[in-house]
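Descriptive analysis of the structure
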Amino acid sequence: MSKKKFSVNGNLKDSLNTVKFLTERKQFINSAAAVLPKRTDDFGVNKVAKSLHPKEQKLIISRIEEHSNIAKSYYFKSEAAPLAYFKAGQYLTFRLEIGNSVVTRSYSIASSPASALNGEYQITVKRINDGFVSDYILDNWSVGDKVTAYAPEGNMTYNPLRDAKNIVAIAGGSGITPFLSLARAIDQGNEDCSLTLLYGCRTSDEILFKAELDSLSEKNEKINVIYVLSHSDEEGYEKGFVGADIIRKYAPEGNYSIFVCGPGGMYKFLEAELPKLEKERKYIRFEVFSSGKKTQEDAKEYSITVINRGNESVIKASSNETVLCAFERAGIEVPARCHTGECGFCRSKLVSGKVYIPEGEDRRRIADMQFNFIHPCCCYPESDLVIRIN
Ligand code: FES
């Protein structure tokens, strides 16, 4: 009798392997110890990790400081656990409920990292035209109020392995705060770099923290502060905008890194100016907190069908606002931190439709692009959309 040849194809092999795996798994479960292992939360290393990266922080506003009617500094204490530590240049993201909207907004931490160890954070909020969240904070937050923030995050920090030892910081408006934190940290001996701060404002009245910046610049040779006014001829200040010429004039000898924090307009201006310095891209870093708006003469209205854990809802969206803004307005909560496309927290699946992503703001991974995942914080609708948010 001839023997029959028997071959196992790929699918059958997979099924047999699965059955084998499940049988073994069952045996392991049956032979497991009756007593549960100790919770890893009790391990020292996990306690430290948790305090450095808490899921969220419950904060209380301990004091408020006015800055000539244009901005306010808010100081926070922790309601319970110690404050999470941070590096100078990082930001805090706050979660707010405003009417029916649930929004998150990020603000750079102005205080020095040492202040977190002493139980205090400081942020500074400036009034901006049509600033939905900033204006809400300025008009509503009071001493004693409780607010929710996530752990400090952000990459615009000095890292000796990556950055030159001299930092040229370009600040615009309230974008001064991460550099105030850095200047304070340098002065306290907690950062080993030097700082040349080019601070652009429209007029001298808009300069925030001038007395402290002048004092730091005077007493610490590692800190140099230059003010640049765009709408005033006052004596004692540079005039115009911070561009390649002013950077060349004040940058230290040798190599330096450039850090930028300010409004979108400044970012656009520098995009054309910085290439004139012929610096390697790795020595230039931006922190731009977007308002989620663009100006377009005839904004169009679209609908977004949002799929959230199997449930569908339809919301309205404008071509002038990011998809994340539309979610927030409709009270749909999507995890979000940076609002610049960088952190990936808001990552969602674009099931159908077309979105516009401004040049330079598409920071998705290649795999995400391929499978149509988007960062709603920097996408603007260009048609009706269907989006799955989890
Ligand atoms: S909030 Fe960070 S990528 Fe959208």
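Residues numbered from 1 in each chain as written. Predicted model: local features only at pLDDT ≥ 70, side-chain atom pairs only at ≥ 80, totals over all residues. Heavy atoms only, no water.

Observations concerning the sheet that holds strand E3 (residues 91–98)
In plain terms, the rule: We call two strands paired when DSSP finds no fewer than two bridges between them. A run of H or I in DSSP becomes a helix once it reaches four residues, and a run of E becomes a strand once it reaches two; helices and strands are each numbered from the N terminus. Whenever a helix is involved, its axis is fitted only over the stretch in contact; in every case the axis is a line through C-alpha atoms, and angles between N-to-C directions fall within 0 to 180 degrees.
In spatial order, the strands read E4-E3-E6-E1-E2-E5; together these 6 strands make up an open sheet with antiparallel pairing. Each having just a single partner strand, strand E4 (101–108) and strand E5 (121–126) make up the two edges of the open sheet. With direction set aside, neighbouring strand axes in the sheet form an average angle of 40°. Across 8 bridges, the pairing between E3 and E4 is antiparallel. If you follow Leu96 over to E4, its bridge partner there is Val103.

Overview of helix H4 (residues 132–140)
In plain terms, the rule: When accessible area is computed with a 1.4 Å probe and restricted to protein chains, residues below 20% of their type maximum are described as buried, those above 50% as exposed, and intermediate ones as partly exposed. Here a residue-residue contact requires only that any non-hydrogen atoms of the pair lie within 4.5 Å.
Among the residues making up H4, those that are buried are Val133, Ser134, Asp135, Ile137 and Leu138. Against the buried residues of H4 lie strand E2 (71–78), E3, E4 and E5.

Side note on unusual backbone geometry
One non-glycine residue, Glu278, adopts positive backbone phi at about 50°. Mapped onto the secondary structure, Glu278 falls in the loop between helix H8 (264–273) and strand E12 (284–287). Backbone geometry at His339 places phi at a positive 60°, although glycine is not the residue there. With respect to the element layout, His339 can be found in the loop between helix H9 (323–329) and strand E15 (348–352).

Overview of the domain arrangement of the protein
Stated formally: What counts as a domain boundary in this text is fixed by an automatic or database domain assignment.
According to the domain assignment, the protein consists of domain 1 (49–149), domain 2 (166–287) and domain 3 (301–388). Taken over C-alpha atoms, the centre of domain 2 sits 33 Å from the centre of domain 3.

Details of the pattern of salt bridges
In plain terms, the rule: Basic side-chain nitrogens of Lys or Arg form a salt bridge, by our definition, when they fall within 4 Å of a carboxyl oxygen of Asp or Glu.
Summed over the entire model, instances satisfying the criterion amount to 27 salt bridges. Notably, a salt bridge pairs Lys87 with Glu191, separated by 3.2 Å at the nearest N-O pair. With a gap of 104 residues between them, Lys87 in the loop between E2 and E3 and Glu191 in the loop between helix H5 (177–187) and strand E8 (194–201) connect regions that are remote in the sequence. Residue classification places Lys87 among the partly exposed positions, given a relative accessible area of 34%. Residue classification places Glu191 among the buried residues on the basis of a relative accessible area of 8%.

Here we look at the sheet that holds strand E10 (residues 238–239)
Neighbouring strands of a sheet are bound in pairs by backbone hydrogen bonds; such pairs are parallel or else antiparallel. The parallel open sheet is built from 6 strands, whose spatial order is E10-E9-E8-E7-E11-E12. Either end of the sheet is taken by a strand with one partner, and the two such strands are E10 and E12. Bridge count for strand E9 (residues 223–229) against E10 is 2 bridges, and the pairing is parallel. Within E10, the position partnered with Val228 by the bridge is Glu238.

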